[in-house]
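# Commentary on secondary and tertiary structure
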Amino acid sequence: MKKEELFKKFHDIGLVPVVKIDDASKAERLAKAMIDGGLPCAEVTFRTEAAEEAIKRMTAAYPDMLIGAGTVINPKLAEKAVNAGAKFIVSAGLNPETVEWCIAHDVPVCPGVATPSEIEKGLSYGLNVLKFFPAEASGGVAMLKDLSGPFGQVKFMTTGGININNLPDYAKAQNVLAIGGSWMVKADLIANEQWDEITRLCQEAVIKLQGIQLVHVGINMPSEKDAFSVAEEFAKLGYETLPGNSSIFMGKDIEIMKTNYLGTKGHLAFKCYDVDRTVYFLKSKGFTVNESTVKYDAKGAMKVAYFNEEIGGFAFHLVK
Ligand code: 3PG
């Protein structure tokens, strides 16, 4: 797989479980637990003897799953991982020989960096997706924000000390491509074969990653005149009237449409951290995008998208 395609998938999935597995015979069941939890990807670390065989078994059972190798500390290990089926190579640090081997063999590589000098080293290899490790110990989101100044072209896969509680901080950071961590696939959960718990932890993380939150309710009215008379009613409750072209906002909470716009009863607007990513997520839940409603920002990222389906008679859209 080309690295551009791989990194786009990482962005959309948004989370990469970091796996340490001791017994390769559990690999397929672990892979299934992650897929069922909405995470068809993993970094299988070469911290155990079983890593190579686990990669082989996962990629054989689930060829579409994005399985890569982590803790790859030299080119020999990179070769071993790729031969086993790894689609990408990750390491905690930047080892020039490993990076050169991967580039020479057209294997996507994501070496670890924690300082500006290491980032520059990565850039000198033409790599603009780097692993930020250990993320929390190296300054976390404050460090990422500072790095976005001089290194605006770099996106990070962040791992190290991330969990369900600080996940939203990383999900909001503009220069984070995807977030990795071991909390949803802890070694003891694998050893004890707690597949349902792994699935649950993955699902919980996927939901938390989106940051979906209701921001306004849209009310359809047949005409501008009707819209303004409804606005007068809400104004009595203390809402500020903010007339726009196609609708009237009452503060931030209510949008009164001047026509019978989308939705039998009206619409609901949800904000999220990344509209493209949440569109990907909701497509996996069976929703389809109403393409004519999609708006993009200057960088080509989605900022508004309605779905074709209604929920309880309400159309709904995402907004950044
Ligand atoms: C890694 O290699 O990326 C880390 O071991 C993952 O860090 P975590 O265990 O703190 O999630």
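In case you missed it, the structure is sitting above this.
My aim in this report is to walk through the structure given alongside it, one point at a time. Computed from a prediction, not measured in an experiment: that's the story for all the values here. (Residues numbered from 1 in each chain as written. Predicted model: local features only at pLDDT ≥ 70, side-chain atom pairs only at ≥ 80, totals over all residues. Heavy atoms only, no water.)

### Remarks on the overall build of the protein chain
Keep this limit in mind: Secondary structure is summarised from DSSP: a helix means a run of H or I of at least four residues, a strand means a run of E of at least two, and numbering begins at the N terminus for each. For every residue, the accessible area (1.4 Å probe, protein chains only) is compared with the maximum for its type, and the residue is labelled buried under 20%, exposed over 50%, or partly exposed between those bounds. It only takes one pair of heavy atoms within 4.5 Å for two residues to be counted as in contact.
Scanning the protein chain from N- to C-terminus turns up 12 helices and 17 strands. With the C-alpha coordinates aligned to their principal axes, the bounding extent of the protein chain is approximately 75 × 45 × 30 Å. Looking at the 320 residues of the protein chain, the share that counts as buried comes to 49%. Of the contacts formed within the protein chain by residues at least 6 apart in sequence, a portion of 61% connects residues at least 24 apart.

### Description of the nonpolar core
Spelled out, the test is: We define a nonpolar core as any set of buried Ala, Val, Leu, Ile, Met, Phe, Trp, Tyr and Cys residues linked to one another through side-chain atoms lying within 4.5 Å.
Counting residues in each nonpolar core, the largest one holds 94 residues, and the members touching the most others are F10, L15, L30, M34 and I198. M34 has contacts with P17, V19, L39, P40, C41, A42, M58, M65, V185, I198 and C202, leaving out every residue within four places of it along the chain. M221, A227, I254 and I256 belong to the second-largest nonpolar core, a separate cluster that totals eight residues.

### Brief notes about the packing of helix α10 (residues 195–210) against helix α12 (residues 275–284)
Put simply, the test is: Axes, fitted as lines to C-alpha atoms, cover a helix only where it is in contact. Angles between the N-to-C directions of the axes lie from 0 to 180 degrees. Orientation labels follow simple angle bins: below 35 degrees gives roughly parallel, above 145 gives roughly antiparallel, 65 to 115 gives roughly perpendicular, and whatever is left gives oblique. Should the near helix be turned anticlockwise from the far one by less than a right angle, the crossing is left-handed, and should it be turned clockwise, the crossing is right-handed. When residue character is reported, Ala, Val, Leu, Ile, Met, Phe, Trp, Tyr, Cys and Pro are called nonpolar, Asp, Glu, Lys and Arg charged, and the others, Gly included, polar.
In the contact formed by α10 and α12, the axes pass within 10 Å of each other and the chain directions differ by 140 degrees. By the angle between their axes, α10 is oblique relative to α12. Crossing handedness for the pair α10 and α12: left-handed. Packed against α10, whose contacting residues are V206, I207, L209 and Q210, the element α12 presents R277, T278 and F281 at the interface. Counted by class, the contact of α10 with α12 contains four nonpolar, two polar and one charged residues.

### Looking at helix α7 (residues 140–148)
This is how the line gets drawn: The arc in question is the one traced by the directions running from the helix axis out to the C-beta atoms.
By the burial criterion, the buried members of α7 are G140, L144 and L147. Projected down its long axis, α7 carries its buried residues within an arc of 65 degrees, all on one side. For α7, the exposed residues lying more than 90 degrees away from the buried face are K145 and D146. Buried-residue contacts for α7 involve α6 (116–124), β7 (129–132), β8 (155–158), α8 (167–172) and β9 (176–181).

### A short note on the site of the ligand
The following threshold applies: Whether a residue is near a molecule or strand depends on its heavy atoms: if one lies within 4 Å, it is near. Think of a polar contact as two N or O atoms within 3.5 Å of one another; within protein, one of them needs to be a possible hydrogen donor and the other a possible acceptor, and neighboring residues in sequence only count if both atoms come from side chains. Using a 1.4 Å probe, the Shrake-Rupley method yields the accessible areas, and only the shown protein chains count as cover for residues.
Every residue lining the ligand is accounted for by V18, R47, K131, F133, T159, G160, G161, G181 and S182. Between an oxygen atom of the ligand and a side-chain N or O atom of R47, the distance comes to 2.4 Å. Take S182: an N or O atom from its side chain is 2.6 Å from an oxygen atom of the ligand. Taken by itself the ligand offers 310 Å² of open surface, and the protein chains cover 82% of this. When its residues are assigned to classes, the shell around the ligand shows two nonpolar, five polar and two charged.

### Things to note about the packing of aromatic side chains
Quick note on the threshold: Note on aromatic contacts: the rings of Phe and Tyr and the six-membered ring of Trp form a pair at centre separations within 6.5 Å, being stacked when their planes are under 30 degrees apart, edge-to-face when over 60 apart, and tilted otherwise. By definition here, charges over rings are those cases where NZ of Lys or CZ of Arg is within 6 Å of the ring centre and within 35 degrees of the ring normal.
On inspection of all chains with the given rule, the structure shows nine aromatic pairs. Considering the side-chain rings of F234 and Y239, the 6.3 Å spacing of their centres and the 90 degrees angle between planes classify their relative orientation as edge-to-face. Judged by its relative accessible area of 27%, Y239 falls in the partly exposed class. Centre to centre, the rings of F307 and F316 are 4.9 Å apart; their planes meet at 15 degrees, and the pair counts as stacked. Across this residue pair, the class does not change: F307 and F316 are buried. A network of ring pairs unites the aromatic residues F270, F287, F307 and F316 as a single cluster. Sitting over the face of the ring of F133, K131 holds its NZ or CZ atom 5.1 Å from the ring centroid.

### Considerations on unusual backbone geometry
A cis amide bond links F133 to the next residue, P134, at an omega of -10 degrees. Here P134 shows up in the loop between β7 and α7. Positive phi, close to 55 degrees, is recorded for T71, a residue that is not glycine. Structurally, T71 is set in the loop between β3 (66–70) and α4 (75–84).

### Some points on the pairing of β8
Spelled out, the test is: The pairing criterion is simple: DSSP has to find at least two bridges between the two strands. Looking down the strands as they point away from the viewer, one classifies a crossover as right-handed if the path from the first strand across the helix to the second runs clockwise.
Inspection of the sheet shows β7 paired to β8 by four bridges, in the parallel sense. Directly across from K131, in β8, lies its bridge partner M157. Since β7 and β8 lie parallel, the crossover through α7 that links them has a hand, and here it is right-handed. One ladder, built from three bridges, connects β8 with β9; its direction is parallel. For T158, the partnering residue across the bridge sits in β9 and is I179. The β-α-β motif built from β8, the intervening α8 and the parallel element β9 has right-handed crossover chirality.

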